[in-house]
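# Structural overview
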Amino acid sequence: MLSDLKGDQLRNGLNLYDFQLLILILVSVYNFMFEALKLANQASNINEVPVGALIVKDNQIIGRGFNKIISNNSVSAHAEIIAINNASRFLNNYRLNNCDIYVTLEPCHMCAKAIVDARINHLYFGALEPKTGSIQSIDKFLERQHLNHKVKYSGGHLEEQSAELLKNFFKSRR
C-alpha cells in the first residue's frame, strides 16, 4: 500500500495522484452500478426481468430506467432505452455527449445501437447475457469499424450481484 511507495511512484509505475484518481473512478463506478441494481430490483418487483440502467453526466444521474416490456406492452421498453429517453428529455437533446450508461446486464443489439446513436461515451455493465448480449457474448458490436461513434465499454461491474438477481428472478418463476 502506501508503504510500497518509492518516492511518489507506486510499484506498478502509477504516481500517487493517478492511483488516487483510479480509486475514485472505481468507487464511482461501483456506486452507479449499485444504483442500477436498485432499479433492477424495481423491475423485479413488478414481475419484469430485473435489468436497471442509468445515464450519468458530470457525476449526476440524469436518466433512469428499468425493464417495462410487459408493463408497457412494448418490446422496446428495455431499461437502457428508457434511461436514454429520460436523459434526452432532461437535456432536451437526443445526443447524450459526455454521458455514461450503467446497466446491470450486457445490452442486446437494439440497446447497443441506441447507445451508439445517442453518442454515449462509456458503457459499464454487470452480468454477461449469453443468449443476446451484443457487446461480448454473441457479438462484439461496439468494435465494428463502420459505426459512426465509438463507445468505450467495460463489463463485470457488480457482476455477481446482477447475475444473482436474474437467477433468483427466473428461479421464482419456474
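It should be emphasised that the depicted structure is a prediction, and the values quoted were computed from it without experimental measurement. (Residues numbered from 1 in each chain as written. Predicted model: local features only at pLDDT ≥ 70, side-chain atom pairs only at ≥ 80, totals over all residues. Heavy atoms only, no water.)

### Quick notes on helix α3 (residues 109–117)
Every α-helical turn comprises 3.6 residues, leaving residues that sit three or four positions apart pointing alike. Among the residues of α3, Cys-111, Ala-112, Ala-114, Ile-115 and Val-116 are the ones counted as buried. Where α3 is buried, its residues touch α2 (79–91), β3 (99–105) and β4 (122–127). Positive phi shows up at Arg-119, right after α3, with a value of about 65°. (Buried < 20%, exposed > 50% of the residue type's maximum accessible area, 1.4 Å probe, protein only. Helix = DSSP H or I, 4+ residues; strand = E, 2+ residues; numbered from the N terminus. Contact = heavy atoms within 4.5 Å.)

### Quick notes on the sheet that holds strand β1 (residues 52–57)
Judged by pairing direction, the sheet is mixed, and its five strands sit side by side in the order β2-β1-β3-β4-β5 without closing on themselves. The open sheet has two free edges, formed respectively by β2 (60–66) and β5 (152–154), since each of these has just one partner strand. Sheet twist, expressed as the mean angle between neighbouring strand axes with direction ignored, is 15°. Here three bridges tie β4 to β5, and the two strands are oriented parallel to one another. Note on β5: the bridge partner recorded for His-122 is Lys-152. Sheet strands touched by α2: β1, β2 and β3. Its angle to β2, the strand with the most contacts, is close to 140°. (Pairing = 2+ DSSP bridges. Axes fitted to C-alpha atoms, helices over the stretch in contact; angles between N-to-C directions.)

### Examining the side chain of Ser-88
Relative to the helices and strands, Ser-88 resides in helix α2. Ser-88 has contacts with Asn-93, Tyr-94 and Leu-96, leaving out every residue within four places of it along the chain.

### Section: a nonpolar patch on the surface
A contiguous nonpolar surface patch, about 390 Å² in accessible area, is contributed by Phe-19, Leu-22, Ile-23, Leu-26 and Val-27. Relative to the helices and strands, Leu-26 resides in helix α1 (residues 16–45). (Patch = residues over 30% accessible without salt bridge, like charges linked within 9 Å, V, L, I, M, F, W, Y side chains within 5 Å. Areas by Shrake-Rupley, 256 points an atom, 1.4 Å probe, with all protein chains shown as cover. Salt bridge = Lys/Arg side-chain N within 4 Å of Asp/Glu carboxyl O.)

### Notes on the pairing of β3
The buried fraction of β3 is high, at seven of seven residues. With five bridges joining them, β1 and β3 adopt antiparallel strand pairing. Bridging across to β3, Leu-54 finds its partner in Tyr-102. When β3 meets β4, the two strands line up parallel, connected through five bridges. Bridge pairing in β4 links Ile-101 to Leu-123.

Just geometry here; none of it tells us what the structure is for.
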